[in-house]
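Structural characterization, general
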Amino acid sequence: MGKIKVGVIGLGKLGLDCAEVFAEHHEVRGYDVVPRISDTVKVCDIQEVVQESEWIFIAVPTPHAAGYDGSVPSSHMEPRDFGHEAVIDAITKINHYATTGKKVVLISTVLPGTTRRYFVPKLNDTHQFLYNPYLIAMGSVKWDMVNPEMIMIGTEDGAWNGLAKELVDLYTPMMKNDPRYEIGTWDECEAIKIFYNTFISAKVGLANMIQDFAMKIGNINVDVVTNALAKSTMRIMGPKYMTAGMGDAGACHPRDNIALRWLAQEYEVGYDLFDTIMLARERQAKNLADFLVIQAQRHNLPIVIHGKAYKPDVPYCIGSYSTLVGHYVQQAGHAIHYVDPLADDTTDVVIEWNKPAVVLLAHNREVTYGYTGQTQEDAHYFDFVADSVVIDPWRCHDQSRSDITVIHYGNTREQ
Ligand SMILES: NC(=O)c1ccc[n+]([C@@H]2O[C@H](COP(=O)([O-])OP(=O)(O)OC[C@H]3O[C@@H](n4cnc5c(N)ncnc54)[C@H](O)[C@@H]3O)[C@@H](O)[C@H]2O)c1
């Protein structure tokens, strides 16, 4: 690949180092509202950057308001979005100075939905646009840029397009670790980036909570506990439980969290993550129940939950998420019916269902037992009658039957 003309708007902690990495391969111009110096990047005015560059990478700040950086207490403060002004300013200047169509790539971190709502509508149609946030840490910007865990490329519809492929061609010779490329909608890439960071915060928060308990309870070396958990690749450190669907359930997990709420109070650690986790679990169940109720009202159908036990192939209804969802359905004034041949609690359970209904596919054998390697026959407990609306929280059920509606709950791309 010959040298490509690359422009970078915003030469700060991220942008300058990234521009210099580009400059190892390409002809790079950069612009910043404050003076910047570089041996390899031509720092110049915005007009030259825009007019002379084929690709324009935007790495301007999307700042938080004062007091929201986490260095002083902020959890009591009103939540706020990042600032969008600098990105909009960069887009406005590209529109103003460009004399040809540009390949515009936004790197800056923004919340899911921002690009589609606030940025793309402002960019002239003559330009093409990708959202491409970086996973880069301070102190190792240049190394991180060419050794990324993944490269996220966001397009309007989440499909590979010509520009996305061109960006891969631009990056591939620069990368040192043959990275994974993740294509998604703008919104999905915004979400991957922000949830990547916040997963880390949640993980650190959990590890440090064990440290707090070690200090309060005694006879605990936090490293013994976290090292044992860190090696737990079957369920904790790995992709398992990364499929959104029904909530955590069963005889142990909900009650363990509830018991740890007590422990957090008893030892006065000063916060209660389990309360938050359990509250989230309940609100998630209520959100799902509300969705079932809306569908039931829209189609004038009863609500049936496929599976009452806390998982398939066992009778145990203890700690069941199905019944938690059912509770919220009833609270909304709707009757609930369950079909489950094994359930040990037969309240509201019917043997068969042969009428149209809104059906929640709570049980999915493949999701629950697929890790054992055993081939699971995922026969349903009853046949779905024509005109039914099937809500699949696991997003697996075939959508080809024309006489029923199958909604993949959690995938708002398709609907
Ligand atoms: N720093 C990181 O490690 C990192 C990693 C990944 C993503 N990000 C994201 O990248 C973006 C930039 O982060 P940063 O740490 O480099 O911020 P920064 O504040 O260090 O740099 C931003 C630069 O943009 C310049 N600037 C401000 N407004 C401008 C405008 N209108 N036109 C041109 N230049 C302008 C500033 O003068 C500054 O030099 C943020 O959205 C951030 O969240 C940063």
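Above this text sits the structure in question.
Model, not experiment: these values are computed from the prediction.

Criteria and thresholds
- Residues numbered from 1 in each chain as written.
- Predicted model: local features only at pLDDT ≥ 70, side-chain atom pairs only at ≥ 80, totals over all residues.
- Heavy atoms only, no water.
- Pairing = 2+ DSSP bridges.
- Helix = DSSP H or I, 4+ residues; strand = E, 2+ residues; numbered from the N terminus.
- Right-handed = clockwise from strand over helix to strand, strands pointing away.
- Disulfide = S-S within 2.5 Å.
- Buried < 20%, exposed > 50% of the residue type's maximum accessible area, 1.4 Å probe, protein only.
- Polar contact = N/O pair within 3.5 Å; in protein donor to acceptor, adjacent residues only side chain to side chain.
- Salt bridge = Lys/Arg side-chain N within 4 Å of Asp/Glu carboxyl O.
- Axes fitted to C-alpha atoms, helices over the stretch in contact; angles between N-to-C directions.
- Contact = heavy atoms within 4.5 Å.

For the rest of this paragraph, the subject is the pairing of strand β10 (residues 336–339). One ladder, built from four bridges, connects strand β9 (residues 303–306) with β10; its direction is parallel. The residue of β10 that forms the bridge with I303 is I336. In this fold, the crossover linking β9 to β10 by way of helix α11 (residues 321–331) has right-handed handedness.

Moving on: the state of the cysteines. Considering all chains together, one arrives at zero disulfides under this definition. A disulfide-free cysteine, C252 has its sulfur positioned 15 Å from the sulfur of C317, the nearest such atom. Accessibility expressed as a relative area gives 43% for C252, which makes it partly exposed. Taking relative accessible area as the criterion, C317 reaches 10% and is therefore assigned buried.

All right, on to the side chain of S53 then. Mapped onto the elements, S53 comes out in the loop between α2 (46–52) and β4 (55–58). For S53, a relative accessible area of 1% translates into the label buried. At 3.3 Å, the side chain of S53 and the backbone nitrogen of G7 are in polar contact. Polar contacts involving the side chain of S53 include one to the main-chain carbonyl oxygen of V49, which spans 2.6 Å.

Before going further, it helps to spend a moment on the pattern of salt bridges. Applying the stated criterion across every chain, the model contains 19 salt bridges. The partner of E182 in a salt bridge is R180, with the nearest N and O atoms 2.6 Å apart. For E182, a relative accessible area of 26% gives the class partly exposed. Since its relative accessible area comes to 38%, R180 is described here as partly exposed. A single network of salt bridges, built from pairs that share partners, joins E27, R29, K42 and E48.

Here we have five strands laid out as an open sheet, ordered β10-β9-β11-β12-β13, and parallel in their pairing. The open sheet has two free edges, formed respectively by β10 and β13 (405–408), since each of these has just one partner strand. Across the sheet, the mean angle separating the axes of adjacent strands is 25° when strand polarity is ignored. Sheet topology note: the strand β11 (residues 358–361)/strand β12 (residues 389–392) ladder contains three bridges and is parallel. The partner of L360 across the bridge, within β12, is I391. Each of β9, β10 and β11 is contacted by α11, which is oriented at about 160° to β10, the strand it contacts most.

Here we come to the environment of H84. Tracing the chain through its elements places H84 in the loop between β4 and α3 (85–97). On the basis of relative accessible area, H84 is assigned to the buried category, the value being 11%. Residues H84 and V110, 26 residues apart in the sequence, show an inter-C-alpha distance of 8.3 Å. Side chain to side chain, H84 and D81 meet in a polar contact 3.3 Å long.

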